[in-house]
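Here is how the chains run, residue by residue.
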Amino acid sequence: MTKSSSSPTSSESVVVADAPPATRLKHRHLLGIADLTPEEIVLILDTAEAMQEIAHRPIKKVPTLRGRTVVNLFFEPSTRTRTSFEVAEKRLSADTLNVAIATSSVVKGETLVDTALNLEAMSPDMIVLRHASSGACHLLSRVCRSKIINAGDGMHEHPTQALLDAFTIRRHKGRLAGLKVAILGDLLHSRVLRSNVLLLTRLGAEVWVCGPPTLVPPGIERLGVKVTSVVEDAVRDADVIMMLRIQLERMQGAFFPSLREYFNVFGMTEARVRLARPDAIIMHPGPMNRGVEIASEVADGPFSVILEQVANGVAVRMAVLYLLAGGAEDEAVA
Amino acid sequence: MSRSLVRIAHEIVERNRGVDDLAIVGIRERGVPLARRISAELERIAGKGVPTGALDITLYRDDLMRQAVGPQPLVRSTDILFDIDNRVIVLVDDVLYTGRTIRAALDALIDFGRPRAIQLVVLVDRGHRELPIKADYVGKNVPTSRRESIQVRLQEVDGHDEVVIQPDEQ
């Protein structure tokens, strides 16, 4: 089993040449990219490569997680992430339980920990959690016996999104190391940004971030990225352009004068895309605000891989579920 | 080893009266190069190509989630780029032991369609079956003790061809 075979990812071996390839994850939860080594990230991406094929079979299901129960606990609205997790769980034959917060006891004032502990009493194996508060997954990982998968916590991390973005980039470019990746938009409120920066810098990409100064978190350059508020500088010769959503629901102040002005200064238009490399790809984690951060002709244009990201999300989440279900190194101690 | 594979290829042609509607599927890791060799031999004998694929059975194993801790088998890709409906599928693996790998492979194959029949080729049959499974074509029967281990090494994976019987090291 440990015999190494020629994998399609030999480019990453430049980054991880000094460490042997990982064969399983170190931690029993997936709380953020911050906890993953480059070798573990490559393991998840390689496993997702194998999972991808299942979507093209006549019977899109394997029996791997038969008899396992996964709770999808979503405290914030979500279309893509929740359905993507659910499809991934079902393709692996897990039993899934969706808790819709609008119809749950949370509206009666139950706390997150109480809700989770009550669900745990029904002995699930994993909990996929989305919550508006940063650190909610870390909190549950300390009180719950189930494995916790972070599906987005506040403004902190969204690890499976960053993994599927990396997977999509790798499919198009064959590597991550040495690529110029420009991430533009609402940097301040974005958990997608944080997870992506951690992952991409870990695998050797050159990351540029760009947004209005009011939406740039202070100290972000300490994560090893180049910061600019000039879109043209960020996009010039980029291999990958990643747009972030303007998160109006998290904005209580006036961060910019108007949506129209934002589009004029920071929106991704065809003219700006032409500054990037001719084979650049355009990404967006969704949901898109057309005409705010991205022009429709760019979103639907030839460089856009936005719908591919959604398809790849299922394979990446299957890989995460499979690897966590198999047992992690830190469970050896427990 | 190559003489066994040539003989097996002839047996496959004889038993199926040609290679029409036949397809060869190797089980990862070492069934895949064996399947390719048999496929090349069939092409030489019958004068036409036989579709050849690779099957990864990791996601169908019955021991996956049983060991709480242990190295997780790596999932590799399955490549079956042809329609298996109504074909005779010749499944190829290196060693037949408990039969559990073949059980998983049968489950996996059936998720791809409804073959007319499935036949099994193994290079080495070492006995000790735990399931009612039997090979149709055997390279060599090697009686072993459960405490021994058998390793098939192949040019394509390991750099050279050999079959090694190792006594229990404990």
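Residues numbered from 1 in each chain as written. Chains lettered and ligands numbered in written order. Predicted model: local features only at pLDDT ≥ 70, side-chain atom pairs only at ≥ 80, totals over all residues. Heavy atoms only, no water.

**A closer look at the sheet that holds strand 6 (residues 206-210) of chain A**
All names here are of chain A.
No. 1: The strand order across the open sheet built from 5 strands is 7-6-5-8-9, with neighbouring strands paired in parallel fashion. At either margin of the open sheet sits one strand with a lone partner, and together these are strand 7 (226-228) and strand 9 (281-283). Between one strand and the next, the sheet's axes are offset by a mean angle of 20°, whatever the strand orientation.
No. 2: Pairing analysis gives 3 bridges linking strand 8 (residues 240-243) to strand 9, with the strands arranged parallel. Across the sheet, the residue bridging to Val240 is Ile281, located in strand 9.
No. 3: Helix 6 (residues 159-173) rests against strand 8 and strand 9 of the sheet, and its axis sits at about 170° to strand 9. (Pairing = 2+ DSSP bridges. Helix = DSSP H or I, 4+ residues; strand = E, 2+ residues; numbered from the N terminus. Axes fitted to C-alpha atoms, helices over the stretch in contact; angles between N-to-C directions. Contact = heavy atoms within 4.5 Å.)

**Points about the packing of aromatic side chains**
Residues and elements named next belong to chain A.
No. 1: This structure, assessed with the given rule, holds 2 aromatic pairs over all chains.
No. 2: Centroid distance Phe256 to Tyr262: 5.0 Å. Interplanar angle 40°. Geometry classified as tilted. There is no split in this pair, since Phe256 and Tyr262 are both buried.
No. 3: What links up through ring pairs into an aromatic cluster is the set Phe256, Tyr262 and Phe266. (Phe/Tyr/Trp six-rings, centres within 6.5 Å; stacked < 30°, edge-to-face > 60°. Buried < 20%, exposed > 50% of the residue type's maximum accessible area, 1.4 Å probe, protein only.)

**Remarks on the packing of helix 4 (residues 112-120) of chain A against helix 5 (residues 136-143) of chain A**
All names here are of chain A.
No. 1: Where helix 4 meets helix 5, the closest approach of the two axes is 10 Å, and the angle between their N-to-C directions is 45°. Of the possible angle classes, the one that applies to helix 4 and helix 5 is oblique. Both helix 4 and helix 5 take part in a crossing whose hand is right-handed. In this structure, helix 4 contributes Leu112, Val113, Ala116, Leu117 and Glu120 to the contact, and helix 5 contributes Ala136, Leu139, Leu140 and Val143.
No. 2: Taken together, the residues that form the contact of helix 4 with helix 5 break down as 8 nonpolar, no polar and 1 charged. (Parallel < 35°, antiparallel > 145°, perpendicular 65-115°, else oblique. Left-handed = near helix turned anticlockwise from the far one by under 90°. Nonpolar A, V, L, I, M, F, W, Y, C, P; charged D, E, K, R; others polar.)

**A word on the nonpolar core**
No. 1: Of all hydrophobic cores here, the largest spans 92 residues; its most connected members are Met51(A), Leu163(A), Ile183(A) and Leu55(B).
No. 2: In terms of residue count, the dominant contributor to this core is helix 12 (residues 306-325) of chain A (11 residues).
No. 3: Those residues within four positions of Leu55(B) in sequence are excluded, and the remaining contacts are Val25(B), Gly26(B), Ile27(B), Arg28(B), Thr78(B), Ile80(B), Leu91(B), Ala105(B), Ala108(B), Leu109(B) and Phe112(B).
No. 4: By size, the runner-up hydrophobic cluster in this structure holds 28 residues, among which are Phe256(A), Val273(A), Ile282(A) and Ile306(A). (Core = buried A, V, L, I, M, F, W, Y, C linked by side-chain atoms within 4.5 Å.)

**Digging into the sheet that holds strand 2 (residues 95-100) of chain A**
Residues and elements named next belong to chain A.
No. 1: An order of 2-1-3-4 is seen for the 4 strands of this open sheet, with the pairing classed as parallel. Looking at the sheet topology across the chains shown, the edges are occupied by strand 2 and strand 4 (147-153). Averaged over all adjacent pairs, the angle separating strand axes in this sheet is 15°, with direction ignored.
No. 2: Both strand 3 (residues 126-131) and strand 4 contribute to a ladder of 5 bridges, which runs parallel. Considered in strand 4, the bridge of Leu129 is made with Asn150.

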